[in-house]
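# Chains, contacts and geometry: an overview
Okay, here's what each chain looks like letter by letter:
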Amino acid sequence: MSGAGSRSSRFPLRLDQVAQAPAASRSPVLRPQAPVHQAHADAARSATPSGLGLDSADVRRRMVQRLHADGLHHEAVLAALNSVPRHLFVDGALATQAYEDTSLPIGHGQTISKPSVVGRMLELLMGGAAARSRGSLGTTLEIGTGCGYQAALLARLSRQVFTVERLRPLHEKALALLAPLNLTQLRLVYGDGMRGHPPNAPYDSIIAAAGGEALPPAWLEQLAVGGRLVAPLVEPRSRRQVLVVVDRHEHGYEHSVHEAVKFVPLKSGLGS
């Protein structure tokens, strides 16, 4: 593990530069953010969820039951997925597919991730020692607000959430979509996610919706001792993208590797 006192000279860290916890089981590649052309192709399908309507709790409940049958077991995560109306975060023309386990385009070259992948990342985040102890994610930082769906889920699992989006149109879209939910513990920030959000650091939990070659130093510096970070990261040897969990201890950091994934690239700077 790298000592906390030396992080300025050692970060950003590639996956092979962080101490690794015991190997985790490898699962098939998860594709939370399919290429936009594929998402548009999926959108052309005419599948309609059965039930009383998109605003029916029964529709969401069936989605959650499918996710549970496929291996998602954390009760608080399942409850959050059951409570957030995903159809409100997708374009109206795609609403009939909102409760399928598929990614859908949200504009600006981005997609809303599959419910199964969102659930898996939240489950990993809730598996941290501090989160297990307190029963919540505490103060959470989300990198990549997108349309705001995951932020709404995080708000139900955290004491407070700060979510950063670098694309102004998506930031404004998320503001509009989240406003009716009146999530007072949620704050949206227009900014460069690679810088994290220093004003409210440290964070008990950090989650990223984009992956790069290395973990930005700001994320690691802003992670509280006892906190957990979940993010996609490229493995140096295989060059594949995987979900990585980083736990910060009093004397350094430890990581574990989980499923292979396919997220959009992590980018710096602001976009319009």
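Model, not experiment: these values are computed from the prediction. (Residues numbered from 1 in each chain as written. Predicted model: local features only at pLDDT ≥ 70, side-chain atom pairs only at ≥ 80, totals over all residues. Heavy atoms only, no water.)

As a further point, take helix α4 (residues 75–83). Along an α-helix, residues three or four apart share an orientation, since each turn contains 3.6 residues. Turning to α4, its buried residues are Val 77, Leu 78, Ala 80 and Leu 81. Each buried residue of α4 sits inside an arc of 160° when the element is viewed along its axis, so together they form one side. Along its buried surface, α4 packs onto α3 (57–69), α5 (115–126) and α7 (149–155). (Buried < 20%, exposed > 50% of the residue type's maximum accessible area, 1.4 Å probe, protein only. Helix = DSSP H or I, 4+ residues; strand = E, 2+ residues; numbered from the N terminus. Arc of directions from axis to C-beta. Contact = heavy atoms within 4.5 Å.)

For strand β8 (residues 241–249), the buried fraction is high: eight of the nine residues fall into the buried class. In this structure, strand β7 (residues 223–234) lies alongside β8, joined through seven bridges in antiparallel fashion. By the bridge assignment for β8, Leu 233 is matched with Val 242. Two successive antiparallel strands, β7 and β8, enclose a turn made up of six residues, where Arg 239 displays a positive phi of approximately 65°. Direction of pairing for β8 relative to strand β9 (residues 252–260): antiparallel, over a ladder of seven bridges. The partner of Val 246 across the bridge, within β9, is His 255. (Pairing = 2+ DSSP bridges.)

Our next topic: the pattern of salt bridges. Within this structure, the stated rule accounts for 10 salt bridges. Between Asp 247 and Arg 228 there is a salt bridge whose closest N-O contact spans 2.8 Å. In this pair, Asp 247 sits in strand β8 while Arg 228 sits in strand β7, placing the two residues 19 residues apart along the sequence. In this pair, the class of Asp 247 matches that of Arg 228, namely buried. (Salt bridge = Lys/Arg side-chain N within 4 Å of Asp/Glu carboxyl O.)

Two pairing modes exist for strands in a sheet, parallel and antiparallel, and in both the strands are linked by backbone hydrogen bonds. If you walk across this open sheet you meet the seven strands as β5-β4-β3-β6-β7-β8-β9, and the pairing is mixed. Lying at the two open borders of the sheet, with one neighbouring strand each, are β5 (186–190) and β9. Going from strand to strand, the sheet's axes swing by 15° on average, the running direction of each strand aside. Sheet strands in contact with helix α8 (residues 168–178) are β4 (160–165) and β5, and its direction is about 160° off that of β5. (Axes fitted to C-alpha atoms, helices over the stretch in contact; angles between N-to-C directions.)

For the structure on display, the rule yields two aromatic pairs. The positively charged end of Arg 86 is found above the aromatic ring belonging to Tyr 149, 5.7 Å away from the centroid. (Phe/Tyr/Trp six-rings, centres within 6.5 Å; stacked < 30°, edge-to-face > 60°. Lys NZ or Arg CZ within 6 Å of the ring centre and 35° of its normal.)

What follows deals with the confidence of the model for the protein. When the pLDDT values of the protein are averaged, the result is 85; 80% of them are 70 or greater. Throughout residues 1–11 the model reports pLDDT below 50, and contacts reaching past four residues in sequence, or to other chains, amount to 22 contacts. Low pLDDT, under 50, characterises residues 43–52; the predicted model gives this stretch 16 contacts beyond four residues in sequence or across chains. (pLDDT = per-residue confidence, 0-100.)

Now for the pairing of β9. Most of β9 is tucked away, with eight of its nine residues classed as buried. Where β8 hands over to β9, the hairpin turn is made up of two residues, counted between the paired strands.

A cis amide bond, omega 5°, links Ala 201 with the succeeding residue Pro 202. With respect to the helices and strands, Pro 202 occurs in the loop between β5 and β6 (203–208). You will see that His 108, though not glycine, has its phi angle at about 60°, which is positive. Taking the relative accessible area as the measure of exposure, His 108 reaches 49% and is therefore partly exposed. You will see that Arg 239, though not glycine, has its phi angle at about 65°, which is positive. Counting through the fold element by element, Arg 239 comes out in the loop between β7 and β8. What makes Arg 239 partly exposed here is its relative accessible area of 46%.

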